[in-house]
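A look at the structure
Spelled out from the first residue to the last, the chains are:
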There are 2 protein chains.
Amino acid sequence: MATDTVPPSDTSDTSDPSDASNRRGDGYVEPTVDVPALTELLDGRYAEVRRTVRAQLVEHAGVLVDAEEMTRPEFRDRVRDVVVEMAATGQTAMGFPTEYGGSGDIGASLAAFETLALGDLSVLVKVGVQFGLFGGAVLQLGTARHHERYLADIVSGRLMGCFAMTETGHGSNVQALGTVATYDADTGEFVVQSTRPDAWKDYIGNAAAHGEMAAVFAQLVVGGESKGVHAFLVPIRVDGQPAPGVTIEDDGLKMGLNGVDNGRLWFDDVRVPREALLNRFADVTEDGVYVSDIDNANKRFFTMLGTLVQGRVCVGGAAINASKVAITIATRYALQRRQFEATGTEEELLLDYGLHQRRLLPLLARTYAMHVAQEVVAAQVHGVFSGTLDPDADPDLARRELESRAAGTKALGTWHATRTIQECREACGGAGYLAENRFAALKADTDVFTTFEGDNHVLLQLVAKGLLTAYSSEFEEMDQLGMVRFVAGLAVETVIEKTSVHKLLERIKDALPGGDGTWDQDAGLLDPDYQLAMYRFREEHTIAGVARRLKRGIDSGLNPGTVFSQVQDHVIAAARAHLERLVLEAFVEKVATLPDGDNKVALNLLVDLHALGGIEADRAWFMEHGRLTSQRSKAISREVSSLCRKIRPLARDLVDGLAVPEAMLRAPELIGAERGSIA
Amino acid sequence: MATDTVPPSDTSDTSDPSDASNRRGDGYVEPTVDVPALTELLDGRYAEVRRTVRAQLVEHAGVLVDAEEMTRPEFRDRVRDVVVEMAATGQTAMGFPTEYGGSGDIGASLAAFETLALGDLSVLVKVGVQFGLFGGAVLQLGTARHHERYLADIVSGRLMGCFAMTETGHGSNVQALGTVATYDADTGEFVVQSTRPDAWKDYIGNAAAHGEMAAVFAQLVVGGESKGVHAFLVPIRVDGQPAPGVTIEDDGLKMGLNGVDNGRLWFDDVRVPREALLNRFADVTEDGVYVSDIDNANKRFFTMLGTLVQGRVCVGGAAINASKVAITIATRYALQRRQFEATGTEEELLLDYGLHQRRLLPLLARTYAMHVAQEVVAAQVHGVFSGTLDPDADPDLARRELESRAAGTKALGTWHATRTIQECREACGGAGYLAENRFAALKADTDVFTTFEGDNHVLLQLVAKGLLTAYSSEFEEMDQLGMVRFVAGLAVETVIEKTSVHKLLERIKDALPGGDGTWDQDAGLLDPDYQLAMYRFREEHTIAGVARRLKRGIDSGLNPGTVFSQVQDHVIAAARAHLERLVLEAFVEKVATLPDGDNKVALNLLVDLHALGGIEADRAWFMEHGRLTSQRSKAISREVSSLCRKIRPLARDLVDGLAVPEAMLRAPELIGAERGSIA
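Residues numbered from 1 in each chain as written. Chains lettered and ligands numbered in written order. Predicted model: local features only at pLDDT ≥ 70, side-chain atom pairs only at ≥ 80, totals over all residues. Heavy atoms only, no water.

Here is the rule: UniProt positions are given in the numbering used here, feature names are shortened, and annotations may be inferred rather than shown by experiment.
The name that an unreviewed UniProt entry assigns to chain A is Acyl-CoA dehydrogenase, with the source organism given as Nocardioides plantarum. If you open the UniProt record of chain A and go to Sequence similarities (unreviewed entry), you find "Belongs to the acyl-CoA oxidase family."

What follows is the structure, given as structure tokens:
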């Protein structure tokens, strides 16, 4: 379909279904979006929870202004107060058991948390630190003795705590931590000690001001033997002063999130009772015997870490929701701001410029896609942690799938936020630079999302590792070096391409509309089967390519570190390809289940824009791998532009469907008059 | 050249020229970089000026901390004080005539300004507002009566002023401003009036606190007739209070640059004497007759604006220098931070990971390239404004070329800064998020660079307009609509491709190594002629494509606004292609002039990485246009990785060559021990 055959988009912001001009030459009829129904669809199973949180955000909207006007100490206290007030409504602890003040609904807790990201993100992160990280560690790694003693106070916010894992010398490589907890059988205590100059705990939320206790991750030493990383509950503050042996330093001003009191912790001969060990997966008996149901130390470590997967899911979801704020402001601005006369009569609305459509609308489509992808991973968390999985399902496999998907969705979601917020800021010009217009906080606060709860690049390598597992189940518990060595020993040639045509790919090719030889048939561009086949082809091909390259490198006598270093960008590409396929699949499936109607038509435009936009962005790869001719590649670009023009008149409704409360947008001069508030 | 045939890079940070391991199999010998000579080369003609400014920055390094610790009003005053202190050294006004306290050297003033960007950027922008924008308007648009009365006070900082052009309703579209200055012949005064609700001046630096006077851009009305936008000197503050009829509002907290007091200005019946008109290009006689040497109103307007081109050149240069700070910190961090064991003995340095090399080193290469490109445009400014052009050169043409290049370099330089700072921040993990490590300020402060002094997308359209001029000199003074109409009337078919092979392209093709049919010959990848031919091909093809699309759209009966909207992304692509060619050409030429030696070898690696990295990034386009086979495209990607490995051992020297003073890096824990300070 050539550009010139598509009628120009309607430039008015309203659409009248009875207006014949909505009918397009190629049979496309511009849909009339039912905004409340769209919101209902996105809100899904937890619509009530999300509405409650949105109402709470509006109630506390003043905190957005406080973030700008208060001093740092004042704002930290203000954020704590808001968090405690919110805690009183129950919305921050829905994932905890009912006996401790929770709702026992993990899915609800995820929905509540990610919705909080429409508001001030210091509040969000403080909630995450207190209830997700600290509370989550006590709940997931502790046992009844910890639950009974602490959970009710944690849930209410009476006991504020820290999650002290990260050390300055070791961010993502947790197994190399330098804090040690040595069991002293004589006193029945653990002695917690920071052992290396670079082994202080850093960037720990709640540490600088409010935390009284920390879940401290340390190398456990029993009887002179190291047992790997375990978590301990260590009081860090008594009556507002650092506990004996604990040194606390403020991390000081940060790029953003300055309502969260991040700090550093050092431990020098800090003694805690034996019961301070969070002993769900391993314990030390009074007389100093280490016991665990999990024999393999590596497996034990990853099992512990695995219980903390919710943190990643939360960050990914929060990032996606923060993107909604940015895309809503920028789209509404583009629908009221005029600049330059193009037609000679009146200045044009920004969103009537093709370039502006190209800048914003694919991000809008991707925001929808990521929302749906997040819904899938959140449902997986709920299934795994609530024990509501299909009884026939393999729980280990489900957990592994969840970990991979959580890591990947977090990476994609947070990068999406960084990109969307930046593009939307620029699309609002100088006005986007003023704090009252939200972008300053959105940008500064979300920036760290790409690196906390696991650096995105490290997470994608984790995802890739899981994918290579498909070549052998033995990959599972290997470290990076082990993986390289293992791959070198694999008979990978038997499963991957020998010539330019890959065996595994044949079945994908067969799935394409019209089968082999029809890659260049225009008709298929908007066919979800074609779109998915392209994504699957890329995924399979890149994963096989990594395995092949690893083997070839080792075979040629290079050392494994060098091989991995050289293959690393392929590893990342393979993980991304896998994740993009999952996102598209989730989005296609979600929309496919809808009853026919205008909302489905509108959402299918977003699916197409997302799918083809993704192919367009990586069209070089598809051409290099013989899956796109240059003609078809150009046709895809034209189709993307055409889809943008079709979505243009629906843009306001589509951002309204995201249901960001007006009070969270602020930016009165950017967004123009209200059309009725959403809360 | 396949990846596997390249020996792995040396992983140590030092290189010993006598060490045989520096000799590589393919004849490449790892160079020993002479860092001081490299700095001398980059500093160029204005080495002394740059050294002075670097020393001044170190002297005032405390302002980087003040930015974090002071309240907003305190910090604004602090920044003003630093600016006035710097002014006393003469470094901030080198472009002004000597009789008013300047050095009469425009090139020196640009070098001094851009070097300031290594330090606090509020200081930089305050300098830009006072001496560049306000002082520049008085100097360039005023005449002796203004110069004699004001320049000495402006140069010393005794008279602080504003450049009041931008209005909230109109950012980049200056011709549509809503402030009006009506000549009242009875009193011999201009009456300045904000006429529309959206016609307040906004984001005006120096307005909220320190400015006493403003160069106000307003529609001049004489005898009831509008004469277009002119500039007037209007007192806005008397004894610290707003002048009668002037309303001033603070823009409040911004994302960054909070040491600059941006504000809003409204004018209500503000009377200024006839002499307040900056009358270099047009004047009003006492009895109310409008006189100008330039007949055409449009041309007059663009001539006025043209004199202000230095602002754009300054912003571009500042952005490039801010990038140097970011890439230096991230590279040095990557050379001391270890993470994960890849080889099983010790954790690897971050920069030994292929992915990390891929993330940072192309940005390092591009920082060098942009520095050189900036040097070229700065020299053009110097030539045009100092009257030192070749006497045979056409001054109008030189001015037009300068305007285009200034606009384009500003766009590329500021986008480069945004991208580099973000990637470097992420590459430093959580530590990059702490304010003391510089990224918070770098990111927040530079963010607005992409949209101020002309939105980058608007600037690229300006560049494209200039390029289309090649199809006819009549394009010159046309507005967007005029351009579209004009193109529709052009016999463009006579100059652009009729088939898939373009006539204009033939000569480029001829310039390729080996001539026609050798596009796929591996040998040429590192040949600058090949690289430049690729860039030129893209440029010619995209420009011709825009002209063709404009014509086709008009011919098919669409309205010009719609056509332009649909072609806009091609317009942007054409401008980018043009600019990328200019940048590469400047970089290639600069390095080619060097005497043979190790520094030249090192810089040629950067040229190759920059050139091939650029082709790789846009390889889809080259494949779509038949200028890259998929095989060769993959070969380029391998070569880019190989170049990264070659540059890896030189990375520390190459960032040291950028000569960012240690005190400007801060980040003591990120950058490790000093190797001797640079100031």
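Here's the deal with the overall build of chain A
Rules: Counting from the N terminus, the helices are the DSSP runs of H or I reaching at least four residues and the strands are the DSSP runs of E reaching at least two. Summary of the burial criterion: residues with accessible area below 20% of their type's maximum are buried, those above 50% are exposed, and those between are partly exposed, where the area comes from a 1.4 Å probe applied to protein chains only. Contact between two residues is taken to exist if any of their heavy atoms lie within 4.5 Å; hydrogens are not considered. Only the protein chains shown count as cover for residues, and the accessible areas themselves come from Shrake-Rupley with a 1.4 Å probe.
If you tally the helices and strands in chain A, you get 23 helices and 15 strands. Among the 679 residues that make up chain A, the fraction classed as buried is 64%. Summarising the internal contacts of chain A: among those between residues at least 6 apart in sequence, 73% fall at separations of at least 24. Accessible surface, chain A as shown: approximately 23,700 Å² in total, 51% of it carbon and sulfur.

With respect to the UniProt feature "domain: Acyl-CoA dehydrogenase/oxidase N-terminal" (unreviewed entry) in chain A
When the UniProt feature table is mapped onto this chain numbering, "domain: Acyl-CoA dehydrogenase/oxidase N-terminal" (unreviewed entry) sits at residues 49-157 of chain A. What you have in residues 49-157 of chain A is 74% helix and 0% strand, and the ends, taken at the C-alpha atoms, are 20 Å apart.

Brief notes about the pattern of salt bridges
Worth spelling out the cut-off: Here, a salt bridge means any Lys or Arg side-chain nitrogen found within 4 Å of an Asp or Glu carboxyl oxygen.
Per the stated rule, a full pass over the model turns up 74 salt bridges over all chains. For glutamate 48 of chain A, the salt bridge identified is with arginine 51 of chain A, shortest N-O distance 3.0 Å. A residue pair is termed a helical-turn pair when its members lie 3 or 4 positions apart in one helix, as glutamate 48 of chain A and arginine 51 of chain A do in helix 2 (residues 47-59) at three residues. A residue is classified by how much of its surface remains accessible, and arginine 51 of chain A, at 32% relative accessible area, is partly exposed. A salt bridge links glutamate 189 of chain B to arginine 271 of chain B, with the shortest nitrogen-to-oxygen separation between them at 2.9 Å. With glutamate 189 of chain B in strand 3 (residues 189-194) and arginine 271 of chain B in strand 11 (residues 270-273), this residue pair connects regions lying 82 residues apart in the sequence.

Quick notes on the confidence of the model for chain A
All names here are of chain A. The test is simple: Note on scores: pLDDT gives the predictor's confidence for each residue, bounded by 0 and 100.
For chain A, per-residue confidence averages 86 on the pLDDT scale, and 84% of positions sit at 70 or higher. Here residues 673-679 is modelled with pLDDT under 50, and outside its nearest four sequence neighbours on either side it reaches 17 contacts, counting other chains as well. Predicted complex metrics record ipTM = 0.85 and pTM = 0.88.

A word on the domain arrangement of chain A
Residues and elements named next belong to chain A. For clarity, the cut-off: Per the annotation, domain bounds derive from an automatic or database assignment of domains. Here the buried area means the combined drop in accessible surface, using a 1.4 Å probe, for two parts upon being joined, counting both sides. Throughout this description, a polar contact denotes any pair of N or O atoms lying within 3.5 Å of each other; where both atoms belong to protein, one of them has to be capable of donating a hydrogen while the other can accept it, and for residues adjacent in sequence the pair is counted only when both atoms sit in side chains. By the convention adopted, Pro, Cys, Tyr, Trp, Phe, Met, Ile, Leu, Val and Ala count as nonpolar, Lys, Arg, Asp and Glu as charged, and the other residues, Gly among them, as polar.
Partitioning chain A into structural domains gives domain 1 (10-30 + 309-665), domain 2 (37-156) and domain 3 (163-296). Taken together, the nine residues of domain 1 in the interface contact five residues of domain 3. For the pairing of domain 1 and domain 3, the buried interface totals around 510 Å² over both sides, and the portion due to carbon and sulfur atoms is 60%. On the surface where domain 1 and domain 3 come into contact, there are zero salt bridges. Run the count over domain 1 and domain 3 and you get one residue pair in polar contact (both at pLDDT 80 or more). When its residues are assigned to classes, the side of domain 1 that touches domain 3 shows four nonpolar, one polar and four charged.

Here we look at the sheet that holds strand 10 (residues 263-267) of chain A
Residue and element names in this part refer to chain A. Defined as follows: Think of it this way: DSSP has to see at least two bridges between two strands before they count as a pair. Interaxial angle, 0 to 180 degrees, is taken between N-to-C directions of lines fitted to C-alpha atoms, where a helix line uses only the stretch in contact.
Reading across the sheet, the three strands line up as 4-10-9 and stay open at both edges, with antiparallel pairing between neighbours. Each edge of the open sheet is held by one strand with a lone partner, namely strand 4 (201-204) and strand 9 (246-250). Pairs of neighbouring strands in the sheet enclose a mean axial angle of 25°, with direction left out of account. Note: strand 9 against strand 10, five bridges, orientation antiparallel. The partner of isoleucine 248 across the bridge, within strand 10, is leucine 265.

As for the environment of serine 556 of chain B
Residues and elements named next belong to chain B. Tracing the backbone shows serine 556 in the loop between helix 16 (528-555) and helix 17 (560-592). Here serine 556 falls in the partly exposed class, since its relative accessible area comes to 44%. Taking the C-alpha atoms as reference points, serine 556 and threonine 414, separated by 142 residues in sequence, lie 38 Å from one another.

Things to note about the packing of aromatic side chains
Two aromatic rings, taken as a pair, are described by how far apart their centres are and by the angle between their planes. We count it as follows: Between 30 and 60 degrees the pair is tilted, below 30 it is stacked and above 60 it is edge-to-face, where a pair is any two Phe, Tyr or Trp rings, Trp via its six-membered ring, whose centres lie within 6.5 Å. When the NZ atom of lysine or the CZ atom of arginine is within 6 Å of a ring's centre and also within 35 degrees of its normal, the charge is said to sit over that ring.
This structure, assessed with the given rule, holds 16 aromatic pairs over all chains. What links up through ring pairs into an aromatic cluster is the set Tyr183, Phe190 and Phe232 of chain A. Residue placement shows arginine 632 of chain B over the ring face of tyrosine 530 of chain B; its charged tip is 4.5 Å from the ring centre.

What about unusual backbone geometry?
The phi dihedral of tyrosine 203 of chain A falls on the positive side, at around 65°, and the residue is not glycine. Examined against the element boundaries, tyrosine 203 of chain A turns out to sit in strand 4.

A short note on the side chain of arginine 237 of chain B
Residue and element names in this part refer to chain B. The cut-off we apply is this: In this charge count, Lys and Arg are treated as positive and Asp and Glu as negative; neither His nor the chain ends contribute.
Its place among the elements puts arginine 237 in strand 7 (residues 237-238). Within the buried set, arginine 237 has no salt-bridge partner at all; the shortest N-O distance to an opposite charge, 5.5 Å, is to aspartate 261. At 2.6 Å, the side chain of arginine 237 and the backbone oxygen of alanine 207 are in polar contact. Of the polar contacts made by the side chain of arginine 237, one reaches the backbone oxygen of glycine 211; its length is 2.8 Å. With near-sequence residues (within four places) excluded, arginine 237 lies in contact with Asn206, Ala207, Ala208, Ala209, His210, Gly211, Glu212, Pro242, Ala243 and Ile248.

Regarding the packing of helix 5 (residues 106-116) of chain A against helix 9 (residues 309-334) of chain A
Residue and element names in this part refer to chain A. Stated formally: By the definition adopted for this analysis, an angle is roughly parallel if under 35 degrees, roughly antiparallel if over 145, roughly perpendicular if from 65 to 115, and oblique otherwise. If you view the pair so one helix is near and one far, a crossing is left-handed when the near helix is turned anticlockwise from the far one by less than a right angle, and right-handed when it is turned clockwise.
At a minimum axis separation of 8 Å, helix 5 and helix 9 run at an interaxial angle of 40°. Between helix 5 and helix 9, the angle is such that the two are oblique. When you trace helix 5 past helix 9, the crossing you get is right-handed. Across the interface between the two elements, Ile106, Leu110, Phe113 and Glu114 of helix 5 pack against Gln310, Val313, Cys314, Gly317, Ala318 and Asn321 of helix 9. Looking at the contact of helix 5 with helix 9, its residues break down into six nonpolar, three polar and one charged.

Here's the deal with the nonpolar core
Test applied: In this text, buried Ala, Val, Leu, Ile, Met, Phe, Trp, Tyr and Cys residues form a nonpolar core when linked through side-chain atoms within 4.5 Å.
Membership of the largest hydrophobic core comes to 373 residues, with the highest contact counts inside it found for Tyr368 and Phe439 of chain A together with Tyr368 and Phe439 of chain B. With sequence-adjacent residues up to four places away left out, phenylalanine 439 of chain B is seen in contact with Met255 of chain A together with Ala326, Ile329, Ala330, Ile421, Cys424, Arg425, Cys428, Gly432 and Leu670 of chain B.

Here's the deal with the sheet that holds strand 4 (residues 201-204) of chain B
Residue and element names in this part refer to chain B. Spatial ordering of the open sheet is given by 4-10-9, a layout of three strands whose pairing is antiparallel. Across the chains shown, the open sheet's two edge strands, defined by having one partner strand only, are strand 4 and strand 9 (246-250). Neighbour to neighbour, the strand axes of the sheet diverge by 25° on average, direction disregarded. Of the strand pairs in this sheet, strand 4 and strand 10 (residues 263-267) are connected by two bridges, and their pairing is antiparallel. Note that in strand 10 the partner of lysine 201 across the bridge is leucine 265.

Re the packing of helix 1 (residues 35-43) of chain B against helix 2 (residues 47-59) of chain B
All names here are of chain B. At a minimum axis separation of 8 Å, helix 1 and helix 2 run at an interaxial angle of 105°. Compared by their axis directions, helix 1 and helix 2 come out roughly perpendicular. Residues Thr39, Glu40, Leu42 and Asp43 of helix 1 pack against Ala47, Arg50, Arg51 and Arg54 of helix 2. For the contact of helix 1 with helix 2, the per-class residue count stands at two nonpolar, one polar and five charged.

Thoughts on helix 4 (residues 72-88) of chain A
Residue and element names in this part refer to chain A. Under the convention used in this document: Given the number of residues in a helix, its expected span is that number minus one, multiplied by 1.5 Å. The arc in question is the one traced by the directions running from the helix axis out to the C-beta atoms.
For helix 4, built from 17 residues, the straight-helix expectation of 24 Å at 1.5 Å per residue is met to within 8% by its first-to-last C-alpha distance of 25 Å. Turning to helix 4, its buried residues number three or more, namely Phe75, Arg76, Val79, Val82, Val83, Met86 and Ala87. What you see down the axis of helix 4 is that its buried residues fit within an arc of 140°, all on one side. Looking at helix 4, the residues exposed on the side facing more than 90 degrees away from the buried face are Pro73 and Ala88. Following helix 4 by one or two positions, glycine 90 has its phi on the positive side, about 85°.

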